[in-house]
Protein chains: 2
Amino acid sequence: MSNQNKKGAAVIGQSGGPTSVINQSLVGAVLELKKNGLVDEVLGARHGVRGIVSDDFIGLNTAPDELLERVALTPAAALGSTRDKPDQAYCEKIFQSFARHDVRYFFYIGGNDSADTARIVSELAAKSGHALKTFHIPKTIDNDLRVHDHTPGFGSAARFVACAMMGDNYDNRSLPGIKVDIIMGRNAGFLTAASVLARRHPEDGPHLIYVPEVPVSKEKFLGDVDRVYKKQGRCLIAISEGVSRPDGTIWAEAIVSEALDRDTHGNVQLSGSGALGDYFATLIKEKLGKKLRVRADTFGYLQRSFAGCVSEVDAREARLVGQTAVRYAAEGKDNGSVAMRRNGGSSYNVETFLTPLSTVAKETKHLDPAWISDGNNISAAFENYARPLIGTLPIVGTFDELKK
Amino acid sequence: MSNQNKKGAAVIGQSGGPTSVINQSLVGAVLELKKNGLVDEVLGARHGVRGIVSDDFIGLNTAPDELLERVALTPAAALGSTRDKPDQAYCEKIFQSFARHDVRYFFYIGGNDSADTARIVSELAAKSGHALKTFHIPKTIDNDLRVHDHTPGFGSAARFVACAMMGDNYDNRSLPGIKVDIIMGRNAGFLTAASVLARRHPEDGPHLIYVPEVPVSKEKFLGDVDRVYKKQGRCLIAISEGVSRPDGTIWAEAIVSEALDRDTHGNVQLSGSGALGDYFATLIKEKLGKKLRVRADTFGYLQRSFAGCVSEVDAREARLVGQTAVRYAAEGKDNGSVAMRRNGGSSYNVETFLTPLSTVAKETKHLDPAWISDGNNISAAFENYARPLIGTLPIVGTFDELKK
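Just so we're clear, the structure is a prediction, and the values are computed from it rather than from any experiment.

## Regarding the overall build of chain A
When helices and strands are tallied, chain A shows 13 helices and 13 strands. Relative to the 2.2 N^0.38 estimate, which gives 22 Å for 404 residues, the radius of gyration of chain A is 22 Å and therefore close to what a compact globule would have. Overall, the C-alpha framework of chain A stretches about 75 × 45 × 35 Å when taken along its three principal axes. By residue count, 63% of the 404 residues in chain A fall in the buried class. The contacts of chain A with a sequence gap of at least 6 include a subset with a gap of at least 24, amounting to 78%. Across chain A, 49 positive and 48 negative side-chain charges occur, with their mean positions spaced 2 Å apart.

## A look at the nonpolar core
Formed by 88 residues in total, the largest nonpolar core has its most connected members in F382(A) and F382(B). Those elements that place two or more of their residues in this core are helix 6 (154-174), helix 7 (190-193), strand 8 (235-240) and helix 13 (380-386) of chain A together with helix 6 (154-174), helix 7 (190-193), strand 8 (235-240) and helix 13 (380-386) of chain B. Excluding anything up to four places from it in sequence, F382(B) contacts F190(B), A193(B), A194(B), V196(B), L367(B) and W371(B).

## Here's the deal with helix 5 (residues 112-127) of chain A
All names here are of chain A. Here helix 5 spans 22 Å end to end across 16 residues, near enough to the 22 Å set by a 1.5 Å rise per residue. Counted residue by residue, helix 5 has 12 buried out of 16 residues, so it is predominantly covered. Among the residues of helix 5, those classed as buried are N112, S114, A115, D116, T117, A118, R119, I120, V121, S122, L124 and A125. Note on helix 5: the residue one or two positions beyond its end, G129, has a positive phi of about 70 degrees.

## A few points about empty space enclosed by the protein
What the rule picks out here adds up to 4 cavities of 30 Å³ or more. Considering only enclosed or pocket space, the second largest cavity measures out at about 80 Å³ in volume. Contributing to the lining of the second largest cavity are 13 residues, with G274(A), T298(A), S273(B), G274(B) and T298(B) lying nearest its centre. Contributing elements (two or more residues each) for the lining of the second largest cavity: helix 10 (275-288) and strand 9 (294-298) of chain A together with strand 9 (294-298) of chain B. A per-class count over the lining of the second largest cavity returns 2 nonpolar, 8 polar and 3 charged.

## Notes on the environment of L132(B)
All names here are of chain B. Along the chain, the position of L132 falls in the loop between helix 5 (112-127) and strand 5 (133-138). Overall, L132 belongs to the buried group, its relative accessible area being 9%. Spatially, the C-alpha atom of L132 lies 42 Å from that of I182, the residues being 50 residues apart in sequence. The contact partners of L132, leaving out residues within four places of it in the chain, are F98, V103, R104, Y105, F106, V121, A125 and N335.

## Things to note about the sheet that holds strand 2 (residues 41-45) of chain B
Residues and elements named next belong to chain B. Pairing within the open sheet is mixed, and its 7 strands lie in the order 3-2-1-4-5-10-11. Strands at the two margins of the open sheet, each flanked by one partner only, are strand 3 (57-59) and strand 11 (350-355). Within the sheet, the average angular offset between the axes of one strand and its neighbour, ignoring direction, is 25 degrees. Pairing between strand 1 (residues 9-14) and strand 2: 4 bridges, direction parallel. Across the sheet, residue A10 finds its bridge partner in strand 2, namely V42.

## Let's talk about unusual backbone geometry
Put simply, G205(A) and P206(A) share a cis peptide bond, and its omega is 5 degrees. Note on placement: P206(A) falls in the loop between helix 7 and strand 7 (208-210). Not every positive phi belongs to a glycine, and D374(A) is a case in point at roughly 55 degrees. On the secondary structure map, D374(A) appears in the loop between strand 12 (372-373) and strand 13 (377-378). Residue class for D374(A) comes out exposed when judged on its relative accessible area of 64%. The phi angle at H47(B) is positive, at roughly 55 degrees, despite the residue not being glycine. Within the secondary structure, H47(B) sits in the loop between strand 2 and helix 2 (49-53).

## Some points on the state of the cysteines
Residue and element names in this part refer to chain A. By the definition in use, this model includes 0 disulfides over all chains. Looking at the unpaired C309, the closest cysteine sulfur is the one in C163, lying at 4.6 Å. Using a relative accessible area of 6% as the deciding quantity, one classes C309 as buried.

## Some thoughts on the relation of the copies chain A and chain B
For the pair chain A and chain B, the relating rotation is 180 degrees, the translation along its axis is 0.0 Å, and the fit reaches an RMSD of 0.0 Å. Given the turn and translation reported, the copies of this chain are related as if by a two-fold rotation axis. Ranked by how close their C-alpha atoms come to the rotation axis, the residues of chain A are headed by G274(A), at 2.1 Å. By residue overlap, the copies meet face to face through one surface: 100% of the interface positions of chain A are interface positions in chain B.

## Side note on the pairing of strand 2 of chain B
Every regular strand shows the same layout, with side chains that alternate between the two sheet faces. All names here are of chain B. With 5 of its 5 residues buried, strand 2 lies for the most part within the structure. Residues of strand 2 alternate between two faces, with E41, L43 and A45 on one and V42 and G44 on the opposite face, all of them buried. Handedness of the crossover is the feature at issue here: the chain leaves strand 1, passes through helix 1 (residues 22-36), returns alongside strand 2, and the resulting connection is right-handed. Note: strand 2 against strand 3, 3 bridges, orientation antiparallel. Bridge assignment links A45 to a residue of strand 3, and that residue is F57.

## A closer look at the packing of aromatic side chains
Taken as a whole and assessed by the stated rule, the structure comprises 35 aromatic pairs over all chains. Over the ring of W251(A) we find R245(A), and its NZ or CZ is 5.5 Å from the ring centre. Over the aromatic face of F353(B) sits the side chain of R341(B), whose NZ or CZ is 4.1 Å from the ring centroid.

## Some points on the sheet that holds strand 5 (residues 133-138) of chain A
All names here are of chain A. Strand order in the open sheet made by the 7 strands is 3-2-1-4-5-10-11, with mixed pairing throughout. Since the sheet does not close on itself, it has two edges, and those belong to strand 3 (57-59) and strand 11 (350-355), each with one partner. Averaged over all pairs of adjacent strands, the angle between their axes in this sheet comes to 25 degrees, without regard to strand direction. Note that strand 1 (residues 9-14) and strand 4 (residues 103-110) share 6 bridges and pair parallel. When the sheet's bridge partners are listed, G13 is paired in strand 4 with Y108. Packing against the sheet, helix 5 makes contact with strand 4 and strand 5, and its axis sits at approximately 160 degrees to strand 4.

About the cut-offs
Residues numbered from 1 in each chain as written. Chains lettered and ligands numbered in written order. Predicted model: local features only at pLDDT ≥ 70, side-chain atom pairs only at ≥ 80, totals over all residues. Heavy atoms only, no water. Helix = DSSP H or I, 4+ residues; strand = E, 2+ residues; numbered from the N terminus. Rg over C-alpha atoms; globule rule 2.2 N^0.38 Å. Buried < 20%, exposed > 50% of the residue type's maximum accessible area, 1.4 Å probe, protein only. Contact = heavy atoms within 4.5 Å. Lys, Arg positive; Asp, Glu negative; His and termini not counted. Charge placed at Lys NZ, Arg CZ, Asp CG, Glu CD. Core = buried A, V, L, I, M, F, W, Y, C linked by side-chain atoms within 4.5 Å. Expected span 1.5 Å × (residues − 1). 1 Å grid on protein atoms, 1.4 Å probe; cavity = no way out; pocket = protein on both sides within 12 Å on 5 of 7 lines; lining within 4 Å. Points joined across faces, edges and corners; volume = space filled by probe spheres on them. Nonpolar A, V, L, I, M, F, W, Y, C, P; charged D, E, K, R; others polar. Pairing = 2+ DSSP bridges. Axes fitted to C-alpha atoms, helices over the stretch in contact; angles between N-to-C directions. Disulfide = S-S within 2.5 Å. Least-squares fit on C-alpha atoms with pLDDT ≥ 70 in both. Right-handed = clockwise from strand over helix to strand, strands pointing away. Phe/Tyr/Trp six-rings, centres within 6.5 Å; stacked < 30°, edge-to-face > 60°. Lys NZ or Arg CZ within 6 Å of the ring centre and 35° of its normal.

Next up, the structure:
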């Protein structure tokens, strides 16, 4: 790694919570770089910006296509990820590293925090006269990036949630009771809303869906559960880990504040604990009947990492945005985030475009209020939006069909 | 439903915790009954013995094959399940129902509790001179039936555990820390042991595996975790929900006794709560370092019901034992449980045989002590036993392979 290369180097890194298809984006970019010869060196930063400042790189030019294709199929971040958010001093170290390795392109795969990191790095590079182009490649199971129609990683996580909820619906039919399922999503309810895709028949769960966009009181929640249980003899409930109370506090914070972590972005750590599900299960028993069969599951990290539950559409699009970032770089385009939009045809199809990093960084997107009904359900409009993203669901049948 | 049919009726029911392939057994039996004309009526009992005593049946003769084939692909018990364990009075009601419907064959799909139910019913039938033949069709994700080499339902649940653990291993590599995964299995560690199938490379997790067969003390557990974390910078831990302490008490009971249910078989309810995982995560933080990144997931009901994670071998064998139970009935064989054994060839293959209900009922099987190493790991011999049962795992790759 020296300055003797004529075309310099590209650095690529992965950041934030991994997804099942984040390696598709990595491999899409690397294969395109190998093909178009934009740079002489392709440096994979181990654990994102952390690897950049500590000179921890993997040379990816020489990675055989066969290995890259297997990496693409592997869940989570093959280069390692990080929660670090660079400040001014951190960024100075990034520039020193980039200068040492003659880095001219920086591809950073991540969510809104990572887009913000990319923005800071690109602005500091501009100020210091370092010739660097920075491309943000989108990734988040939360699907909460502004401007982007949807985000690679969401489709596969949504597929996991739909398959889990579909199976749990049949389990709950088999041994009726009340079941609480806690689903990831700190601020945005996209993933929890995707549980609606599990329904095939009017009787199917989830019967109640609570998202962070609509606060719910203890009384409203218990009233909803009681009504469904009395009507159907069972009740399957999807609750976002980020759901809040009418006073604005997050349920999980109010309940388990002492047990919660904060990551370095100041976010409260909601996942990796079963406390919220157990709280709701206990609440239901205490208020609606001690003898009720009430269970809780927290889908947890399986939502983003489960091996063998990938949406093919999601995998294809994750590769597309990685590949497209490199093509934009080769075309001489400036810094930006590679986004998708639907091209408006009668069947589902997307096209890519480049949006300024600042339009994606920091703030997140929420569910369209029109997609939420009665504060405890998700509308058909959301189903139409989300269904093309998760691939084909398993074939099922029930003996209810004999009655028809 | 009357006594005018010449060949009488068969009743089929499903019992206990559902699995992903319990409907394959149901459909295997029903299709065979439709084909061989052994009886005039095939009555599906809704919620097992509960449906028998309350005359809640579905006529399955007329179920189209197309629907049956879709039901076979559907997780959980299509007829509904039950935890009821009939006593003398309950069994009297079962006979009254069987007499009313001229039932000559009873096929009961379930685990050891269900085999015991089948045994009690068949013994009472014999005493009262009712001409009834009772066949137990095996099903349990716990894989703990005596005599049986393995049990339908286990392969798919083991596949889920292996896929979850494989993904979680890559997630844990991406953002290193300590991860606790709680896996189902009240008394037997088969399902927790199956987590070992996720490993591809020496560095891969799970790095520690705790099963109910070997008690573990707090000190031993913390010592193990500390050693692995210091060596590898991360630690992925598989713990059975039924793991016990050296004094013989179950960890989950000791920790969350106040929050636990008991089902009607006198079993403590261990699933449907994240308390055990959270306990171990908190313990690790308190004893090994507050700043450690420690997370816990409880795989929960997804292990037995997730839609779209079925082992093809398991599905085929589940259908086989259902089909075979009916064939044995048609051949005039007596009451029994339909079991599988390996036929000893160089490649994996099974044959079925009939074993008396009493050899399967009540008591369960445990992991072979030779399959457990150092109280915290699983041997290659278990891998050889279990790998043929879970089907082919997803293709993966890591950049570690570049170093070779």
